Every structure is written in structure tokens, then in C-alpha cells.
Number of protein chains: 2
Amino acid sequence: MAEAEATPVAHHLVVVGAGFAGLQLVRDLKGAGLRITLIDQRNHHLFQPLLYQVATTILATSEIAWPIRRLFRERADVTTLLAEVAGVDTERRQVLLEDGSAIGYDTLVLATGARHSYFGRDEWAALAPGLKTLEDATTIRRRMLLAFEQAERETDPEKRRALLTFAVIGAGPTGVELAGIIAELAKQILWQEFRHIDTRDARILLIEAGPRILAAFPETLSDYARAALQKLGVEVLLGRAVSEISAEGVTIGEEFVGCRTVVWAAGVAASPAAAWLGIPADRAGRASVDASLNAPGRPEIFVIGDTAAVATADGKPVPGIAPAAKQQGAYVARVIRARLAGAPPPAPFRYRHQGNLATIGKSAAVVDFGWLHLRGWIAWWFWGVIHIFFLIGARSRVAVAWSWFWTFISGQHSARLITQGQKGRDAGP
Amino acid sequence: MAEAEATPVAHHLVVVGAGFAGLQLVRDLKGAGLRITLIDQRNHHLFQPLLYQVATTILATSEIAWPIRRLFRERADVTTLLAEVAGVDTERRQVLLEDGSAIGYDTLVLATGARHSYFGRDEWAALAPGLKTLEDATTIRRRMLLAFEQAERETDPEKRRALLTFAVIGAGPTGVELAGIIAELAKQILWQEFRHIDTRDARILLIEAGPRILAAFPETLSDYARAALQKLGVEVLLGRAVSEISAEGVTIGEEFVGCRTVVWAAGVAASPAAAWLGIPADRAGRASVDASLNAPGRPEIFVIGDTAAVATADGKPVPGIAPAAKQQGAYVARVIRARLAGAPPPAPFRYRHQGNLATIGKSAAVVDFGWLHLRGWIAWWFWGVIHIFFLIGARSRVAVAWSWFWTFISGQHSARLITQGQKGRDAGP
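Conventions and cut-offs
Residues numbered from 1 in each chain as written. Chains lettered and ligands numbered in written order. Predicted model: local features only at pLDDT ≥ 70, side-chain atom pairs only at ≥ 80, totals over all residues. UniProt positions renumbered as here; feature names shortened; annotations may be inferred. Helix = DSSP H or I, 4+ residues; strand = E, 2+ residues; numbered from the N terminus. Rg over C-alpha atoms; globule rule 2.2 N^0.38 Å. Buried ≥ 20, exposed ≤ 12 C-beta atoms within 10 Å, placed from the backbone. Contact = placed C-beta atoms within 7 Å. Least-squares fit on C-alpha atoms with pLDDT ≥ 70 in both. Pairing = 2+ DSSP bridges. Axes fitted to C-alpha atoms, helices over the stretch in contact; angles between N-to-C directions. Left-handed = near helix turned anticlockwise from the far one by under 90°. Nonpolar A, V, L, I, M, F, W, Y, C, P; charged D, E, K, R; others polar. Core = buried A, V, L, I, M, F, W, Y, C linked by C-beta atoms within 7 Å.

Naming follows an unreviewed UniProt entry, where chain A appears as NADH:ubiquinone reductase (non-electrogenic) of Bosea thiooxidans. Taken directly from UniProt, the Sequence similarities (unreviewed entry) text for chain A runs: "Belongs to the NADH dehydrogenase family." The UniProt entry for chain A carries this comment under Catalytic activity (unreviewed entry): "a quinone + NADH + H(+) = a quinol + NAD(+)".

What follows is the structure, given as C-alpha cells:
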């Protein structure tokens, strides 16, 4: 490590990714005496658990996103860089950026998250966008709203039927939450505004290859959520896999359903962190790490969050949710502090599961704490308070609370905008 | 006019454009017994006077835009269509849509607004975006924020200088308002967040070919506004025309200034309404209309708002501002009601000028009522109250008031997002 004669150069930590894991790590290293460079390909941290509400016109983009450098403006030890990482030179200890430049590190933490996985059918990406970024959310919002607009002008009954059919593929929390709000939009909110179509006729399909929705929840809550979705008008198809997606519709098993709006909520794949490091990965591409979240044989490199394969005490994979990412960020901060202090390393990382939550429309939710199950409106309120609490800063809390309050009292959504399409047409993903 | 045997078919009014003029017209025809079709190429009405605040990260897109069909959901007489108009067949009385279909009318009102004019240099459009749509605003926001991000990584001093130079061309209200907020962002807000650059070194140029800024205002207010801008750190260049714009910078007269972010606020041109009708237009492309805002020789066709050439009592052109558009919409509603009632036509349209307003940054403004001039913070508060008042609905009023209050107490902007760029790079306009 480079060291100047007079003043020792501070240990340089490079963190790639300012999601929940990376952000927690940098926060917990306040005052640790490091020089930290935080790299992200976006200028903002995104509160992904509420992204489905941007896609379904309840929230504005800026309500759930914060400029990363703003969050660390008072941390003179933190330099924020908007840049895309192309690889890692582990021998020279350098992060390689896409523009050809390189940034040396003493310690490296990769917290680069996950993207959608189309299970080898990457051509589906353009037809069935997933939901990971603000652009994904505005793309889904635009396509959904345009489908209603085009149906209003369409005279062919079959095409109109396809425009008024919405398919959500995958019934984890994101799929359930999207399907519930789309159903509410069509059945309760939009119908009064159209003259040639009745939006209440819209079909909302939630297609799940497994035997039940919300597979991570107890069966009683899954059953409750399915019934609640059906009451909202969602058709829940279980044990049915999508075999084909085209511009005209989806094929479910052998059955073709004409359908112009398809959303992908079925699978995720880790970022290429494992490939950058040349280390083993699991089936979803997540990098194998040891009990201290270190890359094998590389004590100076950590991998955390959705891009790391970490197991719980009973051998199950740690879920890809915000609390798990934050715990890993906090843990690695403790490891780094111990090393800097020459203290013994903390005990191996252990994931503490705090619970699972999912909403169904705007008045019901399911909450599973293990020891306590909540459902219905009480679960919805619990969910709402928790999410307001975890937003960053008073500004967003007030803005989101106001948007929700408005939706609650008026029954209307505040962000029903078609943007980025060329003159009202879909500009593609 | 078509008429059924038993029930007479209602008179069909087609309105193209849901800006201030078109919206006012449709509102004022409530209960008039017409069948109204309102066509717009966007799904939202936009509050353009605050668009510069979206471009400069103060407001979110959804705070100043409302779904058009939402506004008329309780008006069974109004059908909203998201569609692009390609022309008008005045003989057959049909509006021709871009998809090849046609919509017949009994009465037609064209309220299709204006776009930027680059004075014959259309190749400048990609280099110097103007500010008319939400996409324009997010494009300017992205370019401005990306320039600071790239400057932070740039090591070449000359390139860094160009990245930190921002040129606003045209010093009407929009140019003045943009330059003021960009200066505040650079000089007061962002500087604490960067480690390699001092954003306070940024140059903000406001370039005006005429002899003073805010030419529509009295000279004393122009002088005050110029001094206020200079105090914020804006370099105001008067009597200097831009002769060239390239990716590297702008040429002002003979002088080249390296500059990566250029915003166009210099000229507007009317929509092609006059060309659709085959009637004379003025130099800015605005359609000539008679004293009742009718197209010459076509009593069933009206042209209103920014796309019509209307003169004030003393022969000056009516300015392209929201109150003028609203007055024209309200006037034509009265003409149509009189005709339907068989009553004599109202007196010719007469524009009542209520005043001019412009803000300089977040603490000063100029207001000109003719009989009263306001400036400084009292003008700013007046401006703010007026604009909150003219927003549509309680939801937007609270949201905008909260965003402004937050900016006021925290000194921070709430919508500092780079979106729609491919992985942090500018995706182009």
C-alpha cells in the first residue's frame, strides 16, 4: 500500500453500488478514518420496495429517489462517482471503469445488486419489462396507460380485448403488488373517464408457475392474498408457466391469450460481480462468499447484498430484500473497523429475518413475522407506517404520506403521466 | 349537419389541444348541450409556467401535469382522445389523424400552441433543447446534472471548464428563470457535495441579442432583474447574438466559449395550424384570424392561443402567456354559446393584459401590472401565491407548496434525478 513520508495516506475503500447494502456500509463507516470512494452508475439511491407504486401511478419518481452525493455531502471522507464499472483487476487491486480509467483500492466492496432474469429468453426483455429502475417504472406506467388510450380508439373487438388484458408474470411480492394496483386502476378509478370502453372489463392475469402466490409466506397468508386479489378482479393462474411472449400476447402452457401489456416479475439474476472476480457463482449468478462475506482467498474483497450468495443458519439462501442487504452492509463495516483497529474479527455473518410484507391493492396486506401473522387493513397500515419510516429524510416522508393520503381520500392517483413516448406512442424500452 | 329522425344529434365540437386555451374553452362549454371531442397528442395538461422548475430540479413532473381525461371525467359530453393530428379537411369538415382515420366536426377549434424556433437552424435543436414539454424539462435536468458529474471526473482543465459552463440563450422570462436557478444550484447548493471541483466556479451565461433582458417589462424592472441575476453570479450578455452552436460550445458574435450545456429560450414558432387550414400566417407561423378568432371565411373554425395571431387594441401582438390563451378560450366559448342560442355574436375579442411576472432565483421576482411595479421578495411571494392558486386541484397545490417550503427551509431541491440516460450517459434528446 502506498504511504507518504510525513502523513500516512488513509486506507482507501472503494464501494461499488449505492443500494441498501452499499449505503448502509458507507454510513456505518462514518469517522472510521478511511478514504471512501462510492461508485454507482446512477446518480440516485432508489427505494425499490415502493417502485411498483411509481409504475402504477401512485408516486412520483422523485419521492423514492435521492441524489447519492447529497446523502454524503457532509462526509468529507466520501467521494461519490457516477461511473460504470467494467471489471476488477484483482492483482493490481484496481476497479476498471467503462471509460478505460482505473481506480486503485486497498479494500473493495461489491454491492452491485441484481437485474431481471428471463431464464435464457433475453428476447422477452423488450416485450415484458421488469421493475428495477425508475426507467423500468415509467416504461411500465407508459405502456399500461397507453393500452387504455389505444383501446378507447380501437374498433376491432379482438384487438381491443388484447389492449385491455394485462399480464403480470411471477407472483412474488412485486407481482402481487403490481397486479393488485392495476386491477384497482381498471376496476375502480379509470372507468368513469372513458366513453367507448368500460375499463372494468379489463382482464388482469397474475401468472405463477409454482403452486401458490407469495411462496415465501405461510400458506394461510398466501391463500388470504389470493382471495383478496380475486376480490379485486385479478385472475390468479397457479402452476401455469409462460412458454412464449410476443407483441400480440402470452402463451400460458399451450393456451394463447391476446395481451398487449406484459410485466415481468418472475426472476432475478445477480450482477456480474462474480465474473469480475473470477470466483464461483450459484445458479442465479450470485458470488460465493465465505462466512465473513469475503471473496474466496481475497480478504480485501467483500461481496454483499443481492449479488452475494449467503446462506441462513439453516442453510436456506438469504432473501433478496432490503433488510438483508442492510445487515450485510452493517456487518462488513464492523469487519473493516475491526481490521483497522487490529482487533479480532467479529463472529461470522448471521442473517436475522425480521419478516415479510406484501400489499394487495390499497386496503389490504399480509405481514409475516414468523411469530405473528397480520392481514387485511391492519397489515396495510403497519406496512404503510414501516415504509414511511424507512424513507430517507423528512421531505420524502411528507411527500409520500401526502400522496397516499390523497389517494386514500380522493380515490385518485397523482402521477398518471405518459412520458418519454414519442408523441403518445411507445418509444420502446 | 347530420340529423337523426327522432332525436337531433348534438352539434359536434372538436377541440385540438388541451393547453390553457383549449381547457378553458371546454370548461366554459359545460352544459351547453354540445358533443365535444378533445384531442391532444399528450395524455396530460401541463402547467408550463412552472416547467422551468422541473428542469432545475425543484419540482417533480407529476406536480405540474394532470391527465386530461381525469379533468373531464364527470363531463359525459366530453370525449378525450390521445391522438396526433396530421391535418384538416376543411371541405369535408374532418380532422385527419396521423393513423389515417378522420373525425368529423360541426365546429372546430385549433388550440395547438407553439414549439421552439431555431430561426432556420434546426440542427441546433439537438444541441440546445428548449423548454415546452415534460421531456424537454427532464432532458435539460439530465444534461445539467450530468455536466457536474462529468466535471468531477474530468482531469483536463479546459474540458472541465467547458463542463462547468452553462449557456442560456434568450432572456425572456423563461431564460431569466432558468439562469437564476442554475446559478443558485451551482453557487449555493451543489458545492458542498463535490470533492474534485468547486461548483461555485461555474459560469452561467445569459445571452440576449436585444438591448435588455425581459423586454416586455418596463426598463426599471429589467435593470433590477439584471442586477439581481448578476448578484446570483449570472453573466448577462446583452446585444450579443449566438452565431453558432456545436457540441463543444457556443460562438457569441465572433467569440467562441467552450460550453457543454446549452438551453434554448430564444424563439417560438406556432404549430402548423395555419398550414392545415391553408390560411395566411405571420412571421412566427401564427394563423391570421378575424376579430371573432375565426379563420378567414370559415365561421365554423376558430384558432386560439399561441398558434393564433391576435392583436391588442393598440395593434401589438397578444403575448404568448397563459392568461391570454385562457381569455381566448373563454371568448370562443361565448361565441359558440351565442350561435347555438341564435343570439347576436358577442363584441370582437379584446385582450385584457393583467400583467407580467418573472422570478430571479428563489428570493426575488419582478411583477409589472402597468399601474404597479413590484420587485424583490415581496414580488416573489406574490408570484408564488398566484402560481399556487392557478394550479389545478388541492393535490397539486399542497404538493407544490410543500416542495417550495422544503426548498425554502432546507435550501435543497427535491427532484435532482438523472433519468432516461443510458447508464448515466446522455441518451440524446
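*Asks:* Which parts of the structure should I look at to understand the overall build of chain A?
*Replies:* Broken down by element type, chain A carries 11 helices and 25 strands. For 429 residues, the compact-globule estimate of 2.2 N^0.38 gives 22 Å, and chain A sits close to it at 23 Å. Summarising its shape, the C-alpha atoms of chain A cover approximately 80 × 50 × 45 Å along the three principal directions. Here chain A, with 429 residues, has 52% of them falling under the buried criterion. Counting only contacts in chain A whose residues sit at least 6 apart along the sequence, the fraction spanning at least 24 positions is 63%.

*Asks:* What exactly am I supposed to notice about the relation of the copies chain B and chain A here?
*Replies:* For these two chain copies, the linking operation is a rotation about an axis paired with a shift along it. Each copy superposes on the other: chain B lies on chain A with an RMSD of 0.0 Å after a rotation of 180° and an axial shift of 0.0 Å. The symmetry that links the two subunits is that of a two-fold axis. Here 100% of the contact residues of chain B are again contact residues in chain A; the copies associate through an equivalent surface.

*Asks:* Would you mind showing me how to read the sheet that holds strand S6 (residues 85-89) of chain B here?
*Replies:* Backbone-to-backbone hydrogen bonds pair the strands of a sheet. The strands run either parallel or antiparallel. Residues and elements named next belong to chain B. Strand order in this open sheet of three strands is S6-S7-S8, and the pairing throughout is antiparallel. Two strands bound the open sheet, and with one partner strand each, they are S6 and strand S8 (102-104). On average, each strand axis in the sheet is inclined to that of its neighbour by 20°, with strand direction left out of account. By the bridge criterion, four bridges tie S6 to strand S7 (residues 94-97) in an arrangement that is antiparallel. In the strand pairing of S7, Asp89 is matched with Gln94.

*Asks:* Sorry if this is basic, but what is going on with the environment of Tyr224(A) here?
*Replies:* All names here are of chain A. In this structure, Tyr224 sits in helix H7 (residues 219-232). Overall, the presence of 20 C-beta atoms within 10 Å leaves Tyr224 in the buried class. With 141 residues separating them in the primary sequence, Tyr224 and Ala365 have C-alpha atoms 9.4 Å apart. Those residues within four positions of Tyr224 in sequence are excluded, and the remaining contacts are Val366 and Arg375.

*Asks:* Please explain unusual backbone geometry as it appears in this structure.
*Replies:* Most peptide bonds adopt trans geometry, and most residues besides glycine take a negative phi value. Positive phi values are uncommon outside glycine, yet Leu293(A) reaches one of about 70°. Of the residues examined, Leu293(A) has 23 C-beta atoms within 10 Å and is grouped as buried.

*Asks:* Teacher, can you tell me more about the packing of helix H1 (residues 20-28) of chain B against helix H9 (residues 322-341) of chain B here?
*Replies:* In helix packing, the relevant descriptors are the interaxial angle and the interaxial distance, both defined with respect to the helix axes. Residue and element names in this part refer to chain B. One can describe the packing of H1 onto H9 by two numbers: an axis separation of 7 Å at closest approach and a directional angle of 35°. For the pair H1 and H9, the sense of crossing is right-handed. Note on element contacts: H9 touches H1 through Ala322, Ala325, Lys326, Gln328, Gly329, Ala330, Val332 and Ala333, opposite Phe20, Ala21, Gly22, Leu23, Gln24, Leu25 and Asp28. Of the residues in the contact of H1 with H9, the class split is nine nonpolar, four polar and two charged.

*Asks:* Mind showing me how you'd approach the sheet that holds strand S23 (residues 356-360) of chain A here?
*Replies:* Residues and elements named next belong to chain A. Pairing in this open sheet of three strands is antiparallel, and the strands run S23-S24-S25 from one edge to the other. A single partner strand is all that each edge strand has here, and the edge strands are S23 and strand S25 (373-376). Put simply, the sheet's adjacent strands are angled 10° from each other on average, direction ignored. Examined bridge by bridge, S23 and strand S24 (residues 364-368) share five bridges and lie antiparallel to one another. Looking across to S24, one finds that Thr359 is bridged to Ala365. Packed onto the sheet, H7 meets S23, S24 and S25 and runs at close to 170° relative to S24. The strands that helix H10 (residues 377-390) touches are S23, S24 and S25; relative to S24, the one it contacts most, it runs at about 75°.

*Asks:* Whenever I open this one, the nonpolar core confuses me. Can you help?
*Replies:* Side chains that are nonpolar tend, in soluble globular proteins, to be buried together. With 284 residues, the main nonpolar core has Ile169(A), Leu206(A), Ala225(A), Val168(B), Ile169(B) and Ala225(B) as its most contacted residues. When neighbours within four sequence positions are excluded, Leu206(A) is seen to be in contact with Val168(A), Ala171(A), Gly175(A), Ala179(A), Ile213(A), Leu229(A), Val234(A), Val236(A) and Leu237(A).

*Asks:* Honestly, the interface of chain B and chain A in this entry has me stumped. Any pointers?
*Replies:* Reports of interface size often rely on the accessible area that becomes lost once the parts have come together. If you look at the interface, chain B gives 39 residues, while chain A gives 39 residues. At the level of elements, strand S4 (65-67), helix H3 (68-71), strand S5 (78-82), helix H4 (134-153) and helix H11 (393-410) of chain B are the ones that each hand at least two residues to the side of chain B that touches chain A. Across the side of chain B that touches chain A, the residue classes tally to 15 nonpolar, 11 polar and 13 charged.

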